[in-house]
Structures are given as structure tokens and as C-alpha cells.
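Each chain, letter by letter, is given below.
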Amino acid sequence: MEEELKQQFDEMGVEPADPVLGRCAELAITYNIHDATEFVEQWMAFSLSHLHGEDPAIENLGDFERKVLQLRKDKAGSKATAQRAKSYAPSAVQETSSLATYGVMEDDPMIDDYVSESAVDSSVLHTPKAKKDLGRSSNLKGGVLFSPASYTPQSAKRKAELGTPSNSVAGKPGDIVDTFGHPKLLAGSSWQSQVEHTVPVTQKLLHNDAPLTIANLGYMNDLLADRCHNLRIRFNQTGPALVDKKLGQAGAAECIWYPQDRQVLQSAGGLHAVGMIHSEDDGPLDAYSAFMVVLDDDVEDEMDPTLTLNFSRVKSASIFPGQVVLAKGFIPRGKTFMVEEIHTERKLTPANPLQIDRELQFVVASGPFTDSTDLFYEPLHDLLKYIKDHRPDVLVLTGPFLDADHKMVGELAETFDTFFEKMIAGIMEAIGSHTAVLVVTSQKDAMALSVYPTPPPTLRRTYPNLYMLPDPSLVDLDGITLGVTSTDVVDHLLSHEFAVNAGERMHRAINHLFHQGSFYPLYPPADEDMAYDSQLALKYAQLKQLPNVLILPSDQRHFVRLVNDCLVINPGRVADKKGGTFARFLVAPSVPGKPANMFNSVACQVQRI
């Protein structure tokens, strides 16, 4: 636990002494906090609000225990007691009416629709009159001017929603649930853009000096031979970089390599091999299903290039299907490679230094933007109200906007393209011209082309501050390089990897992208419904240089990390059963006299919708 806490504090720029780390680990165990990230986040929130950003010490950890941990424990205990008392309350049975016996409540709004409101003739039944949806009309006053045309009346969908039990949501709208960055920037920011300024947007993920568009697609054109060739190109790009990082040119010349030196395969150790990881059943990896494909131009094609991997001797490893690795071990017999070490890191090309002369404010939000039971888009309305009040310089929206798997999509009485156009028009009318809006659709969108990488849909109407971007994208924003994708690559990696003593989960998943040089390094894709185009991915999904900021929306818990001096953000989902969230962050110019790194220049918070 102490090592995990130390790593999390390091990412926050804090270096506590060993006794302090020991005390932190003791508190975490005492109060049942098993996630080091959660403990450090609670400490940072307490330090900023009570101690002006001081580092943890034995003295102030006592205050932290009394004001945060013990209080949290007391609240949890009182809540559990109240729930037990409520479950045994006799009044719950005595007050039940005859209608409730049959599952009908007397104050059910459905009954009011069919029973006359007249007190004199309350038994007369009638056809219900349409009622105004007060909740919907109040949201429209916020500035969103679109609503779906549907074959099912909106009142019926609202009744269905009222009849659906709601999930408990921890916290309330506006709560800050995650914080990262320099304490002075966090404490001093109003989270509002002070000066109206046009932010230039330039796409950097190009092939032949052009971004991905619909014109680049070739249906039924990703042939098996082309896929193999594209995987070979990835292998040839990443493999030598891994060898150069670990061994260097001189060290590699002295090593024994498979398959070139297969006459010494029975050696006691020291055998090296570069290969691509695969799973026997194309599913998640485990200790028994991984094998490695080893390729070499100097070896005849008739030789079987596969090696079954045995991890019984390995101390640390983190691998996933499609990953290029450098392995060290020996082959006792047959085609089994006893892995002793496995290396996955290469020399990274750092991000360009920040080149901004003023503070820039960002808001990042990820779909879905409406609840799974309706198409009212109320969470999106709440987000746009925040945007209107705070007026950030840049708003980044990632899909899905109209999820093809939404159970009410089939009831739309208009085309998906028309509905999306109305949504974008409502968003732009609500926001105005001050904020640059970056929209990254998803292959899960009903109106998008179901292929990865995904080109942006074409709109009939254009807006000067709207930028429709492909998935994934790399853009320059007035001196800040921002990478963004709408595909849940973090969840895909974590669900299919095999890891042993490999460190914090999110940190290593992010590093997989960097060291494999790809926005989506898995192969085959973790999602069976994902139409992965290997030719497009080779052209438009490579990550050859680190960005300053990387947006990775995921179904995993929201997070903010600083990895290799790159700010990585998962803003969570705007519409979520456990409570929607979005992220806001600012980037400030470097302060003279301080190290020019991202920690000294950024502040980020994840806020509940």
C-alpha cells in the first residue's frame, strides 16, 4: 500500500517522508480505503480547503483523520442504522391501502389521468388530457432548442421514466469529485474565461497533409493480406525502438536472439525475442492463453513463428493482444518460451513545450448525453447552462451523441442526420460565438459511419467556432497539443490485459498507448462490434509524439493523471446511473523561475452534473 500511495503522491508533485507514508497506509487500512488514488484525492481536497495546499505530515494527518476519515465513517454508520430502522418499521405495513395491495399507489399520476378531477362526480372515467411537461419546459428555458420528433408521445415516455426506479447518486450537482494540479492555480481560479479570445484550431493527425474524411473510406477493402502487412509495419516500427531503449545497439549485438540463433535454444538463459502478443481464443489474456508471434526477415517463411509463453518465472509483466514486446528467457523444449523479463517501454518523443501567453479555460464532456430511458437530453441541458455561465475558451464534446443501441432510437420520426443537425444547432445557439467547440463523434453514433478510425459526419450548416473532428484526433489549440478519442480504449485494455505486479492500472493503460505509439494498440479489437480498419488505423490512429493533454473518455471511474508530463483526463459520462460528470481544466503560461512542466501550469477538476 505504501508503494501505491507514494506513486500517487508523486503524480501530484508531493514527496512525503517514509514515516508519513507509513501513517497514511495505516489510516487507509483502518478506514477501509483500499484504493490509493481515493486516499490521495481525499487528502488533496482536505489540504487545499484547510491547509492551503500543505504537504502531508504526521501533525496534520491527525486533523485529516478527525475531520474527514472519522466523519465519513460516522456518517456511513448512522446511515446504515437509519436504513435498518426503516426496514423494521411497522407503519410501512399498516399504512398500505387496498390499491397498494395490487401494486397501485393512490397518488400515482397515471390514475389522475383517467379519473375525473371533479369532486362531485369522481367516478366518471374519461380520456386523459395532455399535460405540459414542466420539467422539459424549464430545461428549454436554459437555451437548448431541439427536441426529438418521435412516434411515441413524449408524455408516455415521461410516465415510463417516472415508473422506473431511480439509482442512488452519491453527492449533488456541482460537487467536485476529482482534483489535480498546482495548488495555487486551483485556489486562485474562478473557472471563467476573463478575456474573449479566438482560439485557432489546427488538426495534426494527417496523412498526405490531409485529415480523415468520408472520402478516405473504402468499403469491403480491408483485405486479410493487407491486415497482415499493416501489423508487420507496426512490428517493424515498435520492435527496434524497444530493443534500442533496453539494450542499445552495442548491447543488442552481444545478445542471443530467437529465431536467428535457434541452434543455442537449450541455453540456460539470456535468450531474447521481439514479437507480438496474441491470445489463443482472441479474448482476454491470462497466464495460460498468451503466445507470441516472432517475425524476422532473415528466417525462412516455412518456420512456425509462434511461441507459447510461460510466466511462472516472471516478476513483473503487463501485456495485451496486439502488443509488441521484447522478451528475455529461455526455451527448455518445444515451442514454450519461459519468460524471465518482458520489456514494453521505448524512448518517447516528448510533447512540444507549452507556447501560450495567457490562461486558457477548457471544459470536456463525454456522451451519452441523455438517460437510457428517454431522449430528453436533460444532462446536456445542465451542461450547456454551465457553459453559458462560465464561458470557457474551448469546449470538447465526445460521442456518442445518439447511441445506436439506445432503446428509443427506433421511435424517432426523423432521420438520424436530421436529429443530430438539430442537436448541434441547439448547442451552438446556446453557447454563442465565444467558445470554440470541438465535436468528436463515435462509431457508436447512429448517424456516424461504423468504422474505426471514424470520420466526422458532414453538416449542412457551418459555424465559425465549430470543429467536427474524426476519432481519434490530435489538434493544436493556440500552442497546446490536445489528443482526444471517443473510443473507450482504457476499458478495452484493462479488460483484455494480463498483469503481474505492474503498478497502478490507469497509469499502465495510458503508458501502453504511449509506448505502442497508437490511440488503439489492441488487435484484434476488444469490442466484437468494432469495425476496425487496419489501413486507416495505420494512417490516422498513430501517436508518434506525446500531446500536452490527452482526453480518454471511459466507463471506468473518472480520473486525472500526469503521465510522462502529459495531462490525461477521463471526464466520466455526462449521463450516468451513478451521477454524470464532466471535467474542467485550465492551462497557464509557465512562471519564470519554476520548472517548465505541466504540473506547474495546469489545474483540473472533475465536477458532477
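Everything below is about the structure printed above this text.
Basis of the calculations
Residues numbered from 1 in each chain as written. Predicted model: local features only at pLDDT ≥ 70, side-chain atom pairs only at ≥ 80, totals over all residues. Heavy atoms only, no water. Helix = DSSP H or I, 4+ residues; strand = E, 2+ residues; numbered from the N terminus. Buried < 20%, exposed > 50% of the residue type's maximum accessible area, 1.4 Å probe, protein only. Contact = heavy atoms within 4.5 Å. Areas by Shrake-Rupley, 256 points an atom, 1.4 Å probe, with all protein chains shown as cover. 1 Å grid on protein atoms, 1.4 Å probe; cavity = no way out; pocket = protein on both sides within 12 Å on 5 of 7 lines; lining within 4 Å. Points joined across faces, edges and corners; volume = space filled by probe spheres on them. Nonpolar A, V, L, I, M, F, W, Y, C, P; charged D, E, K, R; others polar. Pairing = 2+ DSSP bridges. Axes fitted to C-alpha atoms, helices over the stretch in contact; angles between N-to-C directions. Patch = residues over 30% accessible without salt bridge, like charges linked within 9 Å, V, L, I, M, F, W, Y side chains within 5 Å. Salt bridge = Lys/Arg side-chain N within 4 Å of Asp/Glu carboxyl O. Lys, Arg positive; Asp, Glu negative; His and termini not counted. Charge placed at Lys NZ, Arg CZ, Asp CG, Glu CD. Phe/Tyr/Trp six-rings, centres within 6.5 Å; stacked < 30°, edge-to-face > 60°. Core = buried A, V, L, I, M, F, W, Y, C linked by side-chain atoms within 4.5 Å. Domains from an automatic or database assignment. Parallel < 35°, antiparallel > 145°, perpendicular 65-115°, else oblique. Left-handed = near helix turned anticlockwise from the far one by under 90°. Expected span 1.5 Å × (residues − 1). Arc of directions from axis to C-beta.

A. Quick peek at the overall build of the protein. When helices and strands are tallied, the protein shows 17 helices and 21 strands. Looking at the 609 residues of the protein, the share that counts as buried comes to 50%. When contacts within the protein are restricted to residue pairs at least 6 apart in sequence, long-range pairs at least 24 apart make up 73% of them. Total accessible area on the protein stands at roughly 29700 Å², and carbon and sulfur atoms take up 52% of it.

B. Looking closely at empty space enclosed by the protein. All told, the structure shown has two cavities of 30 Å³ or more when counted by the stated rule. Its volume calculated, the largest cavity comes out at about 50 Å³. W191, Q361, F362, V363, Y386, H390, P392 and R584 are the residues that line the largest cavity. If you list the elements that add at least two residues to the lining of the largest cavity, you get β10 (360-366) and α13 (378-390). In terms of lining residues, the second largest cavity is bounded by Q8, E11, M12, T37, E41, F180, V560 and R561. Elements supplying a minimum of two residues to the lining of the second largest cavity: α1 (2-11), α3 (36-50) and β18 (559-563). Here the residues of the lining of the second largest cavity sort into three nonpolar, two polar and three charged.

C. Structural view of the sheet that holds strand β13 (residues 466-469). Pairing is mixed across the open sheet formed by seven strands, whose spatial order is β1-β21-β20-β10-β11-β12-β13. If you trace the sheet from one side to the other, it starts and ends with β1 (176-181) and β13, each paired once. Each strand of the sheet is rotated relative to its neighbour by a mean of 15°, with strand direction disregarded. One ladder, built from five bridges, connects strand β11 (residues 394-398) with strand β12 (residues 436-440); its direction is parallel. Residue pairing for β12: T398 is matched across the bridge by V440.

D. Molecular detail of a negative patch on the surface. Side chains of E2, E3, E4, D18 and D35 sit close together on the surface and give a patch of like negative charge. Top contributing element to the negative patch by residue count: α1, with three residues. By secondary structure assignment, the location of E3 is in helix α1.

E. Highlighting the packing of aromatic side chains. Throughout the structure, instances matching the rule amount to 15 aromatic pairs. Three or more aromatic residues link up through ring pairs in this structure, and these residues are F39, W43, F46 and F64.

F. Summary view of the nonpolar core. Formed by 54 residues in total, the largest nonpolar core has its most connected members in L482, L567 and F585. Here this core spans two domains, since at least three of its residues come from each of domain 1 (1-70) and domain 2 (175-203 + 349-488 + 527-608). Beyond its immediate chain neighbours, meaning those up to four positions away, L482 contacts V396, L438, S473, L474, V475, L477, P547, V549, I551 and F585.

G. The packing of helix α15 (residues 489-496) against helix α16 (residues 505-516), seen in detail. α16 packs onto α15 with a crossing angle of 105° between their chain directions and a minimal axis gap of 10 Å. Relative to α16, α15 is oriented roughly perpendicular. Residues V489, V490, L493 and L494 of α15 form the contact with α16, whose participating residues are R505, M506, A509, H512 and L513. When grouped by side-chain class, the residues that make up the contact of α15 with α16 number seven nonpolar, one polar and one charged.

H. Local environment of the packing of α1 against α3. The geometry of α1 relative to α3 is characterised by a closest axis approach of 9 Å and an angle of 50° between their N-to-C directions. Judged by the angle between their axes, α1 and α3 are oblique. Pair α1 / α3 crosses with right-handed handedness. Where α1 approaches α3, its residues E4, L5, Q8 and F9 are matched on the opposing element by A36, T37, F39, V40 and W43. A breakdown of the residues in the contact of α1 with α3 according to their chemical character gives six nonpolar, two polar and one charged.

I. Fine view of helix α2 (residues 18-30). Between its first and last C-alpha, α2 extends 18 Å over 13 residues, near the 18 Å set by a 1.5 Å rise per residue. Among all positions in α2, only V20, L21, C24, A25, L27 and A28 are buried. Down the axis of α2, the sector holding all buried residues measures 160°, keeping them to one side. Residues of α2 that are exposed and angled more than 90 degrees away from the buried face: D18, P19 and I29. Once α2 ends, the next one or two residues include N32, with phi positive near 55°.

J. Examining the pairing of strand β9 (residues 336-343) more closely. Note: strand β6 (residues 306-310) against β9, three bridges, orientation parallel. Among the inter-strand pairings, L309 is bridged to a residue of β9, identified as F337. Sheet analysis places strand β8 (residues 324-330) next to β9, joined by five bridges and oriented antiparallel. Bridge pairing in β9 links A327 to I342.

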